[in-house]
Every structure is written in C-alpha cells, then in structure tokens.
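Spelled out from the first residue to the last, the chains are:
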Amino acid sequence: MGLPSVTANVLGDDSLAQFDAIVIGSGAGGSTVARTLALAGHKVLILEAGDNYFPALDDPAGLGPPLFSNDEVKLSARSLISQDALIEPRSFRTSIADGERTLVGDANGLPRNVGGAAVHADMKFPRFRPTDFQLGTLLGAIPDASFADWPVDYATLERFYVEIEQAIGVQGPEGVNADPFAAPKSKPYPMPPGLPMYANTILADAARRLGYHPFAYPTAVTSRPYRGRPACIDCGFCSGYGCPTHAKSSPAVTLLREALLTGNVQLRFNAAVHELVPNATLTAVDGVDYIAANGAVQRVTADRYILAASAAESARLLLLSDPALGNSSGMVGRNLMFHYQTIVIGVLRDRVHGHRGRSVTMGMSDFRGTPGDADHPLGGIVELATSAELIGEAKNYAQQLGKVGDLLRRLIQQSPLRDKLVAMIMQGEDAPQLTNRVDLDPALKDVYNRPALRVTYNNHVFETTARELYVPKLLEIQGNAGAQFGLVAPPDTPSQSRHVMGTLRMGNDPATSVCDRYGKLHDLGNVWCADGALFPTSSGFNPTLTIQALALWVGANIVAPGDPESVLVES
Amino acid sequence: VLTRRRFVKLVSGGATALAVLPQVGCGDNLHLVRGRFFDEAAWQTIDIATGLILPGEHGARDCLAVNYIDQLLSAFDVDPPAIYASGPFSGRVPYPDAHGAATSQFPANAFATFLPLSRVKAIAWRMRLYGSAVTDGGTFNDAVFGPTIGWRELYADGIKRLDDQAMIIRANTPFRFLEDPADQEQALDTVASDQPDFWDALLQHTLEGTFGAPEYGGNLYARGWHMARYDGDSAPRGHATYDEAQGMYVDRLDQPTSQPSQGDVTEDFDADILDLLTVAALGSGGKRFF
C-alpha cells in the first residue's frame, strides 16, 4: 500500500488495480458511498472529472494546506472550480417549442474538482422535514406535475442524517434557539453555532419583530476544533470558494479523506467518464471508459458501478452510453428540479460588511408552508444573506447597468449592492414535471467531444403561486429592517440555482422511476445512483445533507443488505 | 447565495440606458513600461481607456489595471501560466494569536506562484486568449457554432479601432495623443458601440485589475481595495476567532463580523444613485421605504 500516492493525477493507494466498485464522482454522494464501502473493506476506484486542489488529501501524516484562497479573481472571475462553459457548455430551452436551444453557455453547472460541488458551497445543512418525503400523498394529483412519495421516509433516514452530521461536523442551534418547525433529531449537533454575521442579525431582528422565527442556520462548518480541523475564522470567502483553512466540512476533507486513508480507495482525477459500457442485453454494465488526464481513453472494470456525478451529469452519462440503458421507464433525465429561488433585496444606509463571515449564518422556515394548505403554500427555507464580492459588484454596475466613469466610482464607493445590501433568498419547492429534463444536445459538444447536456425547464404554477404570496411578506421584513429600498429579483431563466435534483428518480414502481428504494437502477443488476438525481421531490431545504444521508443509505444497503443501520457508528 | 447574474437581472430590470462616458481620470503619467503583450503605444492606449472607465485617485490607472490586462494576455509566456494564483495565503495578513489579535508572524505569499493547468483547462485558457481556431483541441464547436475569438485579437483590434476613431476626430492623432478628454470619450464611446466584445472584455478586465489581488498585476499597493473600503483577503486571521480559553468566539476588533465596524456612520446616497435605486426598486415590483 502506498499512501500518499506518488502517481500524477491519483490520490489514495496507487497500487490498487482490481476494484469491487467504481464510483463516478467524488462529491457529496460519491465521497459518502465510497467511504461506506471502503470502511467495509471493498476496494473502490473513484473517477473524478475535475482537478485536485487538496494536495495532501491522502497523506496520513496530515491534511496539509489546500490550494484555495481568498482570491476573487481565481475562484470567481476565472472560475477555478466552476464548470467552464467554454469547454463544457450546456444548452437551454424552456420547452420543445423553443426549438433545439435558446441559450448556449452555463445552465446550472456545478463545480468540477475533487470533493465536487460541496467544495464551493457554504454548506448550509438543514434536514428535510418528514412531510417532504410524502408529498405525493399529501398533495394529491396536481395537473402537469409529478409529485411522488419517496420510497424511504424520514424515520428511516434519521440515523443516517445523524451519522453524516457527526462524521463531517455540523454546527447548529438546539432547544429554544432551533428552528421550531424542524424535524425531530435523535442527537444534538456536534457543535454550537458560530458568530452570526451582522447583516444577518439586522434581518433576523426584523423578522422576529414581525412574529417570525429566525435561527442560526445549521451549517457544515466548524465552530470548534473538530477531528483535527480548526475552528472557522470567518474569513468571508465561503460561498463559491474553497476553504483555505479546512474549516468547511466539505466531503473532501472529511469522508473522502477518511476513505482514502483506509488504503482501500484509489481516486483518479482529471478523469472524465465518457460512457458506461453495457452488456449486450442492457441488463448490466461491464466497464467504464474515461478520458484520462493525458487525453487517452481508458477502460476500467469492477463488480459494481455507482453514479454520483450530480443529478444532471449522472443522467447524461446514461444517455451518453445508450439511450435505452436503465431507461425502460423512459424516465432517465426527467423530473429535473431546482429550488425555485425568490430573492428580495434590501438596501440600507449603513454598511453591513457582507464580505466578513460564512455568507449565510441565519435563516427562517416560516415560509416553508404546509402541504395542501392554500393559505400557506409550500415555499422554502429563507436564507438571510448578503453580498461579498467587490469585483462582482463593480461588474454589475459597469457591464449590466452601463455605468462607467465618475458614476461607477461613486457606486463602488457608496456600495448599495454590496456593503449596504441585505438579502432574503427563499429556496422554494420546485414541482417535478416530466417535461423538465436533461438530455443530449443534438449539435453542441464539450472539450471531450461528447454531446453536451441540454436543460429543458419551465416553471409550474405551483411554485410561482407560492412566490407571489411570500414576496410581500419578504418585502415587509426588509422595510422593518430599515431598508431604504426593497428590490425583487425577477425569476431566473434559466434558473441560477445550483441545487440540482431529480433525473433518476427513485421509487418502488419500475414503470415510473429509474432507481429502486436502495438507489439501484431497476433495469441494471450492478449499477446504483448515489446523488441528488434520486430525489423524487425537491423539498424547500438545501439538499447536500440529504444527498449525503441518502448516499450513506445506498452504500449501507450494498454493504449490509437488510441491516443497513449496522454500518452506522455515530448514532 | 447571491450570484452576480442575479444582481444583473434584478437591477437591469429597472435601469436606465447606458451612461455617457465621463470625464477623464486623474491624468497621471503614462507608464513608460513595455508590457509583455502590449507594446508601449498599446500600453498607453489601454491605460488611458481604463482611466475613462474607472477614474480618479486609486482608480484604474493608479492601480495599474493595464498591467493586469497585459499579464493576463501574456499568461502563457510563463510556466505555469499566470492564470490561477496558488494558495492558501497571500502573506498580507498575519496569523492570529489564541485570542484573535494579530501576531508578528506572517505566512509566505503563496499567491506569488501560479498553479499548473490541467490539459483541458489549458485548452480553455488558450481558447480565451488565442482563439479556438489556433488552439489544439479547441475547435470542437467551431463548425456549427463558429469560432471563439481570443482576447489578444480583440485587444489588438480594439486598439486599432481606437486609433482609427481618434484620427477621425483629430487628424493624425492616435488615441493616446488625444488631449481633450471629450475626444477620448467620443472615441471610446464609438468603439464600445461598434466592438461590443472588446468593450466587454475591457470593462471586466479593468475592474478585475483594479480590485483583484495585486499578484495578478493590478490593484497596485491594494489601492483599489482602499478606494472601495474593502478588506481584501483576510486569512489566516479572518474576522473572528474561537478563543478556547474563554470557550467562545470573539470578533476581530478592527474588522468584526457580527457587529458594525467602529467608526462607521450612516451614509446617504447621492441624488444620482437614489434615482437609480428608485427606478430599480419600483421597476422590480419592490418598494422605496421613505
């Protein structure tokens, strides 16, 4: 066994040559399922399309510094980890009636790097509520929507939530300080909340005065030294940035590192999977072809294959391989969901320095609503947010408003859209629809010469109705907070959400779902999915914790079928 | 989390038309430095143009935004290419002590070196700088969607267009020798309209060169951050520290996260910005609360 790896573009044991499982993607889902399998002794190969910015991730002697930094040019202007739309473009349209596409560029792309999209996230980590798993039953039939119950319920997943919260390190409030509407937990968060950002407390105070219930946002960031990682320093470069101190409990520095250190895992990065190689009857997968760092195509094989490339990309991989693969239901790529984000901004006369802190430190779930209650429709959790980026602010004034010269200078100095801005972002439930989907663009390619992913997506009246009801309430909070102006962001088309869900829906009926309740594809004997593609519905809460809890459930059922809880060690 | 594109849609919904180009900036010395991509004439031309975009003390020219642009356009002249500065720390900020106070120990400046590019990232950045047609592996969409024009070509052409426009305004006078600020504005305004891709690149690069980390060649002495009252990179000290002895977090006194900064006072926006915000708020379906 050789740790750390001395082979270029490889982490983990570079001597491994035979594998029990191949996991495609090293993000929230892939890291979690790889760790579960590796701890049980399975030999695992992880294939990651992006680069690695954790040079010592597999070093038993210590994690060592990452290559991330407080650098807006690097992470934002030049998109170190974001999907680069020049070499991996996507296309977009709202419906088939639009023609082949109406946009080429970025459509809900997620970061490409070891650790996946969670590296860029600010890791807000609320759980879903029990009713979020039962919306098919609770909402009944809704025209043009395809709400469905999850084939697992909250009670089943509760200990899996605990395992993730404890294993990676989540800070959050308890008792009277917690979200009064939150799901019951069997174990407290391992860390209390850190300091709230000033900008967030202004909105929270206003919300409280109006009778709402703001709370410290459960967040996968350390607020105490935790399992070898330091407490967060609130550097301010959180959302959109890799953490320079490892305080962010991203899957890379927690579960993935743990997996790599077992000696049972090899991770090849800059390794973009080209296709799954199915058997002749399309009942199993015999191998995976990927494009290695040097551009050569390589084939690898294992007993099991686990898709964890993100909701959109996992479905795309099946379609790239064979449109019929895993697709007897015709559901591959369908029921694509984002959170429907309603954003109301307040501009204050005081500076709130939104560039200091963890991007979002408080939230409220008063607008999540109740299934079936027309007076309280299903919106979502509201993030109390700010704006942090200076270059981004200046570009908005110059490139979008066309303000240059002296007025640009005054805008930057008076800073209405950064240093005096407070925002509320509601992550609203997005109704699943069969027509909202990913497929392959007929002409557009990526740098690997693969057909590009196409997003077809339009909103349902379900979410727009909720938005209309909650916008005035959000504006009222801004007014109470002392804002001079309240601005309502128009809905994004295409959606700017990075909460990508659906496309390989899990369910008990092979006619209406792609995967079963254990994440295994109904049609394939040796392929599983372990990412947000499984979600039958989107909920109104940030998805990463549930992606990880579900991936743990998938992995545990592979390792210990019939007794998945036996693999849990934290609860 | 708020992304830039969300702001775009938000504010542009109620925005007024493109502003008339403003007065020339501080009018300081031309930098008699030859760039790696720009020759001296090109350097002076772009330097003046950046000053028109963001004028004044500690504006784009004071920050040497032109040097940022030159370093970007010539990024592949060095190895590794000067695209992504390394990390985690710049060395501008010291380590904190156990209670959050500054120590005299500073980390090394990792920003001073650059990260190697993967094969596909190198293709992406060569496409951006040189264009897809001359980039090995970069033509995968050209047949159907047309080629990507590189920034180097855009700048070279844009500079020529600026000179062409200048000589229409003043015979035999290249852009860099125009003396009347109104002439400079007129020439740049025309090129901005006629060459939108160049103008868009020039805008974004001017702002990145004014407000980006100094290691990328601009924001000289962090003047841009000073002008914008922005802290810049803050790690490894950050803005709060978990004090293990006290068992609690403590705000950094001079740059707190959970409280107002000492000395901050309530500020009124000027009339132009109030008008802009009023239009944006009402146009978005929002409110003006006073």
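Right, let's walk through the structure included here.

Scoring rules and cut-offs
Residues numbered from 1 in each chain as written. Chains lettered and ligands numbered in written order. Predicted model: local features only at pLDDT ≥ 70, side-chain atom pairs only at ≥ 80, totals over all residues. Heavy atoms only, no water. Helix = DSSP H or I, 4+ residues; strand = E, 2+ residues; numbered from the N terminus. Rg over C-alpha atoms; globule rule 2.2 N^0.38 Å. Buried < 20%, exposed > 50% of the residue type's maximum accessible area, 1.4 Å probe, protein only. Contact = heavy atoms within 4.5 Å. Areas by Shrake-Rupley, 256 points an atom, 1.4 Å probe, with all protein chains shown as cover. Pairing = 2+ DSSP bridges. Axes fitted to C-alpha atoms, helices over the stretch in contact; angles between N-to-C directions. Buried area = accessible area lost by both parts, 1.4 Å probe. Salt bridge = Lys/Arg side-chain N within 4 Å of Asp/Glu carboxyl O. Polar contact = N/O pair within 3.5 Å; in protein donor to acceptor, adjacent residues only side chain to side chain. Nonpolar A, V, L, I, M, F, W, Y, C, P; charged D, E, K, R; others polar. Phe/Tyr/Trp six-rings, centres within 6.5 Å; stacked < 30°, edge-to-face > 60°. Lys NZ or Arg CZ within 6 Å of the ring centre and 35° of its normal. Expected span 1.5 Å × (residues − 1). Right-handed = clockwise from strand over helix to strand, strands pointing away. Left-handed = near helix turned anticlockwise from the far one by under 90°. Disulfide = S-S within 2.5 Å. Patch = residues over 30% accessible without salt bridge, like charges linked within 9 Å, V, L, I, M, F, W, Y side chains within 5 Å.

So, about the overall build of chain A. Each helix and strand counted, chain A has 11 helices and 19 strands in total. Computed over C-alpha atoms, the radius of gyration of chain A comes to 22 Å, within 12% of the 25 Å expected from 2.2 N^0.38 for 571 residues, which places it in the range of a compact globule. If one aligns the C-alpha atoms of chain A with their principal axes, the spans along those axes are about 65 × 55 × 50 Å. Relative to its 571 residues, chain A shows a buried fraction of 69%. Residue pairs at least 24 apart in sequence account for 75% of intrachain contacts in chain A once pairs closer than 6 positions are excluded.

Once that is clear, we can look at the overall build of chain B. When helices and strands are tallied, chain B shows 10 helices and three strands. Of the regular secondary structure in chain B, the N- to C-terminal order runs α-α-α-α-α-α-α-α-α-β-β-α-β. In chain B, which comprises 290 residues, the proportion classed as buried is 57%. Taken as a whole, chain B presents about 12500 Å² of accessible surface, with 51% of it coming from carbon and sulfur.

Residue and element names in this part refer to chain A. Strand order in this open sheet of six strands is β1-β7-β3-β2-β11-β19, and the pairing throughout is mixed. Of all the strands in the sheet, the pair left with one neighbour each is β1 (10-12) and β19 (527-529). With direction set aside, neighbouring strand axes in the sheet form an average angle of 20°. Note: strand β2 (residues 19-24) against strand β3 (residues 44-47), four bridges, orientation parallel.

As a further point, take the interface of chain B and chain A. With 113 residues of chain B in contact, the opposing surface of chain A contributes 120 residues. Both faces considered, chain B and chain A share a buried interface measuring about 9700 Å² in area, 61% of it formed by carbon and sulfur atoms. Viewed at the interface, chain A and chain B are joined by eight salt bridges. On inspection of chain B and its partner chain A, the count reaches 44 residue pairs in polar contact (both at pLDDT 80 or more). Top contributing element to the side of chain B that touches chain A by residue count: helix α1 (residues 4-12) of chain B, with nine residues. Residue classes in the side of chain B that touches chain A are distributed as 62 nonpolar, 28 polar and 23 charged.

With that settled, consider the packing of aromatic side chains. Tallying each qualifying case throughout the model produces 28 aromatic pairs over all chains. The rings of A:Phe128, A:Phe133, A:Trp150, A:Tyr154, A:Tyr161 and A:Phe535 are connected pair by pair, giving a single aromatic cluster. The ring of B:Trp125 has B:Arg128 lying over it, and the distance from NZ or CZ to the ring centre is 4.7 Å.

The next thing to look at is helix α10 (residues 271-283) of chain B. Along its 13 residues, α10(B) runs 18 Å from first to last C-alpha, staying within 8% of the 18 Å computed at 1.5 Å per residue. All of the buried residues in α10(B) are B:Ile273, B:Leu274, B:Leu276, B:Leu277, B:Thr278, B:Ala280 and B:Ala281.

All names here are of chain A. Applying the stated rule across the entire model yields 45 salt bridges over all chains. Note that Asp 205 is salt-bridged to Arg 208, the shortest N-O span being 3.1 Å. Pair noted here: Asp 205 and Arg 208 are both in helix α5 (residues 198-209), with a separation of three residues, about one helical turn. A salt bridge links Arg 368 to Glu 429; the nearest nitrogen and oxygen atoms lie 2.6 Å apart. On the criterion of sequence distance, the pair formed by Arg 368 in the loop between β13 (362-364) and β14 (382-385) and Glu 429 in the loop between β15 (421-428) and β16 (437-445) is long-range, its members being 61 residues apart. Each member of the pair, Arg 368 together with Glu 429, is buried. Counted as one network, the salt bridges with shared partners bring together Glu 88, Arg 90, Arg 112, Glu 313, Arg 316, Asp 446 and Arg 450.

All names here are of chain A. Residue Glu 429 is classed as buried on the basis of its relative accessible area of 1%. Here Arg 368 takes part through its side chain, which lies 2.6 Å from a polar atom of the side chain of Glu 429. For Glu 429, the side chain forms a polar contact with the main-chain nitrogen of Ser 538, separated by 3.5 Å. Ignoring any residue separated from it by four or fewer positions in sequence, one finds Glu 429 in contact with Leu 135, Phe 147, Tyr 340, Arg 368, Leu 378, Gly 379, Phe 462, Glu 463, Thr 537, Ser 538, Ser 539 and Gly 540.

So, about the pairing of strand β18 (residues 485-488) of chain A. A regular strand carries its side chains on alternate faces of the sheet. Here β18(A) shows no split at all, with A:Phe485 and A:Leu487 on one side and A:Gly486 and A:Val488 on the other all buried. Where β18(A) and strand β3 (residues 287-288) of chain B come together, two bridges link them in antiparallel fashion. Opposite A:Gly486, over in β3(B), you have B:Lys287 as the bridge partner.

Residues and elements named next belong to chain A. Extensive coverage of β2 is indicated by the burial of five of its six residues. Sheet analysis places β2 next to strand β11 (residues 302-307), joined by five bridges and oriented parallel. Opposite Ile 24, over in β11, you have Leu 307 as the bridge partner. Considered for its hand, the β-α-β crossover made up of β2, helix α1 (residues 28-39) and β3 is right-handed.

Turning to the environment of B:Leu64, a few remarks are in order. Residue and element names in this part refer to chain B. Locating Leu 64 in the fold gives a position in the loop between α2 (40-53) and α3 (65-73). Using a relative accessible area of 14% as the deciding quantity, one classes Leu 64 as buried. Considered as a pair, Leu 64 and Gln 184 are 120 residues apart in the sequence and their alpha carbons are 19 Å apart.

With that out of the way, let us pick up the packing of α1(A) against helix α6 (residues 252-261) of chain A. All names here are of chain A. In contact at an axis separation of 8 Å, α1 and α6 are set at 30° when each is read in the N-to-C sense. Like other packed secondary-structure pairs, α1 and α6 cross with a definite hand, here left-handed. Facing Ser 31, Thr 32, Ala 34, Arg 35, Ala 38 and Leu 39 of α1, the residues of α6 in contact are Leu 255, Leu 256, Glu 258 and Ala 259. A breakdown of the residues in the contact of α1 with α6 according to their chemical character gives six nonpolar, two polar and two charged.

Residue and element names in this part refer to chain A. Here four strands make up an open sheet; going across it, the order is β5-β4-β17-β16 and the pairing mixed. At either end of the open sheet lies a strand with only one pairing partner, and these are β5 (103-105) and β16. Across the sheet, the axes of successive neighbouring strands diverge by a mean angle of 30°, strand direction being ignored. Pairing analysis gives three bridges linking strand β4 (residues 90-93) to strand β17 (residues 451-456), with the strands arranged parallel. The partner of Phe 92 across the bridge, within β17, is Val 455. Contacts from helix α7 (residues 311-321) reach β4, β16 and β17, with the element oriented near 60° to β16.

What follows is about the state of the cysteines. Residues and elements named next belong to chain A. Inspection of every chain in the model, using the stated rule, returns zero disulfides over all chains. Here Cys 235 is not disulfide-linked; the sulfur of Cys 243 is the nearest cysteine sulfur, at 6.2 Å. As a non-bridged cysteine, Cys 238 has Cys 232 as the owner of its nearest cysteine sulfur, 6.4 Å distant. On the accessibility criterion, Cys 238 (10% relative accessible area) is buried.

All names here are of chain A. Following the sequence through the fold, Val 273 ends up in strand β8 (residues 272-278). The exposure class of Val 273 is buried, given its relative accessible area of 5%. Spatially, the C-alpha atoms of Val 273 and Ile 24 are 7.5 Å apart, while their sequence positions differ by 249 residues. When neighbours within four sequence positions are excluded, Val 273 is seen to be in contact with Ile 24, Leu 47, Val 288, Asp 289, Tyr 290, Leu 317 and Arg 450.

The next thing to look at is a nonpolar patch on the surface. Judged by side-chain polarity, A:Val104, B:Val144 and B:Phe145 come together as a nonpolar surface patch covering roughly 250 Å² of accessible area. Within the fold, A:Val104 resides in strand β5. Here A:Val104 falls in the partly exposed class, since its relative accessible area comes to 41%.

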